[in-house]
Amino acid sequence: MKKIKFTIGIVAVLSIGYLGSTWYIGNKIENEIDNTLSLISEKINGSKDMSKINITKSHYDKGLFSTKLHLTITESVDNQTDLENDKNILFSDDITIYHGPFPIVNIAKGDFTPQVAMIDYQMTEKAFPELWKWSNNQSFITGHANLSFQKEFSIYLKNNPIKINLVNHVFGENNLYLTEGECFFNVSKDFSTVSVNSHWDKLELTSEFRNLSLKLDQVSIKTEPESSHSSLNYVLELKNLYYSEENYDLIDRNYQYVTTFKKELNFQDVKAVRNGDVKNGILHNNLTIYKVISQNFFNDNASAMLNQILINQSINQTDEDYYDSIDIKIGSLTYGNQNLGSISSNNEFINMDGISMLSFVLGEFGYGFESSDPHYVNPDKLNRSMSYKFNWHTNVGDINADLLIDYDSNESFRGLSSDDNIHLFKLKLDMPFDVINYIAAQFENYQQNIVTQEQIDKIVLGNDIKSWLDESILFTFEKNGMEGIYSDANYSSDTHQAEVNGKFYSEDDFFTHF
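Residues numbered from 1 in each chain as written. Predicted model: local features only at pLDDT ≥ 70, side-chain atom pairs only at ≥ 80, totals over all residues. Heavy atoms only, no water.

(A) Examining the overall build of the protein more closely. Of the regular secondary structure elements, the protein holds eight helices and 24 strands. A sequence separation of at least 24 residues applies to 51% of the contacts in the protein between residues at least 6 apart. (Helix = DSSP H or I, 4+ residues; strand = E, 2+ residues; numbered from the N terminus. Contact = heavy atoms within 4.5 Å.)

(B) Region of interest: the nonpolar core. Membership of the largest hydrophobic core comes to 41 residues, with the highest contact counts inside it found for Met386, Phe425, Phe475, Ile485 and Phe510. With five residues, strand 20 (residues 422–432) is the single largest residue contributor to this core. In this structure, Leu71, Phe91, Ile95 and Ala145 belong to the second largest nonpolar core, which totals 24 residues. (Core = buried A, V, L, I, M, F, W, Y, C linked by side-chain atoms within 4.5 Å. Buried < 20%, exposed > 50% of the residue type's maximum accessible area, 1.4 Å probe, protein only.)

(C) Up close: the confidence of the model for the protein. In the predicted model, the protein carries a mean pLDDT of 80, and the fraction of residues at 70 or more is 78%. Low pLDDT (under 50) marks residues 1–21, which in the prediction has ten contacts with non-local residues, meaning those over four places away or in another chain. Within the model, the stretch residues 366–371 combines pLDDT values under 50 with nine contacts to residues more than four positions away or in other chains. (pLDDT = per-residue confidence, 0-100.)

(D) The pairing of strand 17 (residues 338–350), seen in detail. Sheet topology note: the strand 16 (residues 322–335)/strand 17 ladder contains eleven bridges and is antiparallel. By the bridge assignment for strand 17, Asp324 is matched with Phe349. Taken together, strand 16 and the strand that follows it, strand 17, pair antiparallel across an intervening segment of two residues, in which Gly336 is found at a positive phi of about 65 degrees. Relative to strand 18 (residues 383–394), strand 17 runs antiparallel, the two being bridged by nine bridges. From the neighbouring strand, Ile343 faces strand 18, where its bridge partner is Trp392. (Pairing = 2+ DSSP bridges.)

(E) Molecular detail of the pattern of salt bridges. By the definition in use, this model includes six salt bridges. Among the ionic pairs, Lys202 bridges to Asp217, the shortest N-O distance being 2.8 Å. Residue Lys202 is found in strand 10 (residues 194–207), and its partner Asp217 is found in strand 11 (residues 212–225); the two are separated by 15 residues along the sequence. (Salt bridge = Lys/Arg side-chain N within 4 Å of Asp/Glu carboxyl O.)

(F) A look at the packing of helix 5 (residues 433–444) against helix 7 (residues 461–469). Contact geometry for helix 5 and helix 7: axes closest at 8 Å, N-to-C directions at 120 degrees. Here helix 5 lies oblique to helix 7, going by the angle between them. Note on element contacts: helix 7 touches helix 5 through Leu461, Gly462, Asn463, Ile465 and Lys466, opposite Phe433, Ile436, Asn437 and Ala440. Looking at side-chain class alone, the contact of helix 5 with helix 7 contains five nonpolar, three polar and one charged residues. (Axes fitted to C-alpha atoms, helices over the stretch in contact; angles between N-to-C directions. Parallel < 35°, antiparallel > 145°, perpendicular 65-115°, else oblique. Nonpolar A, V, L, I, M, F, W, Y, C, P; charged D, E, K, R; others polar.)

(G) Broad picture of helix 5. In a regular helix each residue adds 1.5 Å, so twelve residues correspond to 16 Å; helix 5 covers 16 Å between its end C-alpha atoms and thus fits that length. For helix 5, the tally of buried residues reaches nine of twelve residues, placing the bulk of the element in the interior. For helix 5, the set of buried residues is Phe433, Val435, Ile436, Asn437, Tyr438, Ile439, Ala440, Ala441 and Gln442. (Expected span 1.5 Å × (residues − 1).)

(H) A look at helix 7. For helix 7, the set of buried residues is Gly462, Ile465 and Leu469. All buried residues of helix 7 lie within an arc of 65 degrees about the axis, which places them on one face of the element. Exposed side chains of helix 7 directed beyond 90 degrees from the buried face belong to Ser467 and Trp468. Check the buried side of helix 7 and you find it contacts helix 5, strand 21 (476–479) and strand 22 (482–492). (Arc of directions from axis to C-beta.)

(I) Structural context of the environment of Gly336. You can see Gly336 is positioned in the loop between strand 16 and strand 17. The sequence separation of Gly336 and Gln295 amounts to 41 residues, and the corresponding C-alpha distance is 9.5 Å.

(J) Seen up close, the environment of Gln455. Topologically, Gln455 is positioned in helix 6 (residues 453–457). On a C-alpha basis, the gap between Gln455 and Ala440 in space is 9.7 Å, while along the polypeptide they are 15 residues apart. In this structure, Gln455 is in contact with Ala441, Asn445, Gln448 and Ile450, ignoring residues within four places of it in sequence. At 3.2 Å, the side chain of Gln455 forms a polar contact with the side chain of Asn445. (Polar contact = N/O pair within 3.5 Å; in protein donor to acceptor, adjacent residues only side chain to side chain.)

(K) Main features of the environment of Glu264. Tracing the sequence through the fold places Glu264 in strand 13 (residues 257–277). The sequence separation of Glu264 and Ile293 amounts to 29 residues, and the corresponding C-alpha distance is 8.0 Å. Residues contacting Glu264, with those up to four places away along its chain left out, are Tyr242, Tyr243, Ser244, Ile293, Ser294 and Gln295. Reaching out from Glu264, the side chain makes a polar contact with the side chain of Tyr242 at a distance of 2.5 Å.

(L) Structural detail: a nonpolar patch on the surface. Together, Val170, Phe171 and Phe209 make up an exposed nonpolar region whose accessible area comes to about 280 Å². Note that Val170 resides in the loop between strand 7 (162–168) and strand 8 (172–178). (Patch = residues over 30% accessible without salt bridge, like charges linked within 9 Å, V, L, I, M, F, W, Y side chains within 5 Å. Areas by Shrake-Rupley, 256 points an atom, 1.4 Å probe, with all protein chains shown as cover.)

(M) Just unusual backbone geometry, in detail. Despite not being glycine, Gln218 shows a phi value in the positive range, around 50 degrees. According to the relative accessible area criterion, Gln218 is partly exposed, its value standing at 37%. One non-glycine residue with positive phi stands out, namely His496, at about 60 degrees. Relative to the helices and strands, His496 resides in the loop between strand 22 and strand 23 (497–500).

(N) Examining the pairing of strand 7 more closely. Judged from the seven bridges that link them, strand 7 and strand 8 form a sheet pairing that is antiparallel. Directly across from Asn165, in strand 8, lies its bridge partner Asn175. Where strand 7 folds back onto strand 8 in an antiparallel hairpin, the turn is made up of three residues.

(O) Representation of the side chain of Asn437. By secondary structure assignment, the location of Asn437 is in helix 5. With a relative accessible area of 12%, Asn437 lands in the buried category. Beyond its immediate sequence surroundings of up to four residues, Asn437 is in contact with Ile456, Ile459, Leu461 and Gly462.

(P) Geometry of the packing of aromatic side chains. The tally for this structure, following the rule as stated, stands at ten aromatic pairs. Plain terms: the ring middles of Phe91 and Phe128 are 6.1 Å apart, the flat faces sit at 45 degrees to each other, and that makes the pair tilted. Of this pair, Phe91 sits in strand 3 (residues 88–99) while Phe128 sits in the loop between strand 4 (117–122) and helix 3 (129–134), and the two are 37 residues apart along the sequence. Judged on exposure class, the residue Phe91 and its partner Phe128 are both buried. Ring-pair connections join several aromatic residues into one group, and the members of that group are Phe425, Tyr491, Phe510 and Phe511. One residue, Lys57, lies across the ring of Tyr60, its end atom 5.6 Å from the ring centre. (Phe/Tyr/Trp six-rings, centres within 6.5 Å; stacked < 30°, edge-to-face > 60°. Lys NZ or Arg CZ within 6 Å of the ring centre and 35° of its normal.)

Set out below in structure tokens:
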């Protein structure tokens, strides 16, 4: 009996202590919440974007075990007035804060982890009526956050499945479907460090406009702040990405369209990784794709397949220069039933943005990229350099290209000339006609498994390229008894002369007949 009374006494004392601590923590939360909201706003607004975020509370109701309040997040643009109608309301809804050290809702779940508070959120119909309706008349977003005594946040958000249907007079009917997903956040006490781990099973978007369809399966995103906290490192993974659209031809003045062809793209097992340290000028981007399948890319009902794609980019920015290296590998390439071989490319740039430079080159060759001048990363630095190495390996031989240009200029790359102080120009090119014509024959006869010599002999692509380049001193069209497009050129400003395919030219003659 005495033991029972003693136990009851201990429980009573602990209960009184618990009630007192929850009341104390409730007061502490009330005293600090405004400063906390201001700190969050300050961290968000630390970027140089035009818009600013403001977080405010209202309808504050503190109880013994919990506090209820209304939270409003608005976005405003610089030079706007403070009138409410000039602000875009991003969020306006009720939340509940359960007081520690043992939030009562956590105790009900058997969780006795000490913490300052647990914040609970259930999206309401009043705040977001359309999302409520699209989520089958339930909260689209639910979640909770735990605040430890070390003032670190762990946040869990869950979205219920949602189906959105929108009709537009231009794009017709549009549908979006998102399956149930979840997102975990970990936030440091000064809000300078945020890591995210999120996952969704499926996202689908369809539109009457061009019968567009976009489908993503097994999407996951993980982020971690890099050491200087000035940007995020991330890992993005997709099990499958499918995109299709129909293209149309205009057939009369009444704007009546007829479907001409349907393009499809399918990316399988995609993984993108970013690791950087902005403070020290270091960045590594890595993209791997197991398989890319394209249907009707050239409007001929053929399928193309790229396997084992790997793209690596490494950037190193010092006080003096900016270095950008991009490596590209395609393990195998098929078109229809034809095996086109494998492709690899190594590209290095100094004081130039590699992505914009590659886009410029592809655009010049008409591959759908905007052919604008590449971006100069260090506009105050005159010296620039670019290096390209390319290999296309096939069953009958290889195509190889190796180009290096080192020069001084702040002018447009498109107008580069000898007046721009080219210090070094090197070019090695091997494009045998046997390989060029073999690849062209494979494209023309993609429905077959092999190409015959008769089909190859009908190809005149090599001769067409020869006639286009015939005026330049850079190229010769025979090497070791094999016809093709060849070059071995080396120019240096130190000697003011160039050696091209075994012949020597003065600086003026070289650039005049370039």
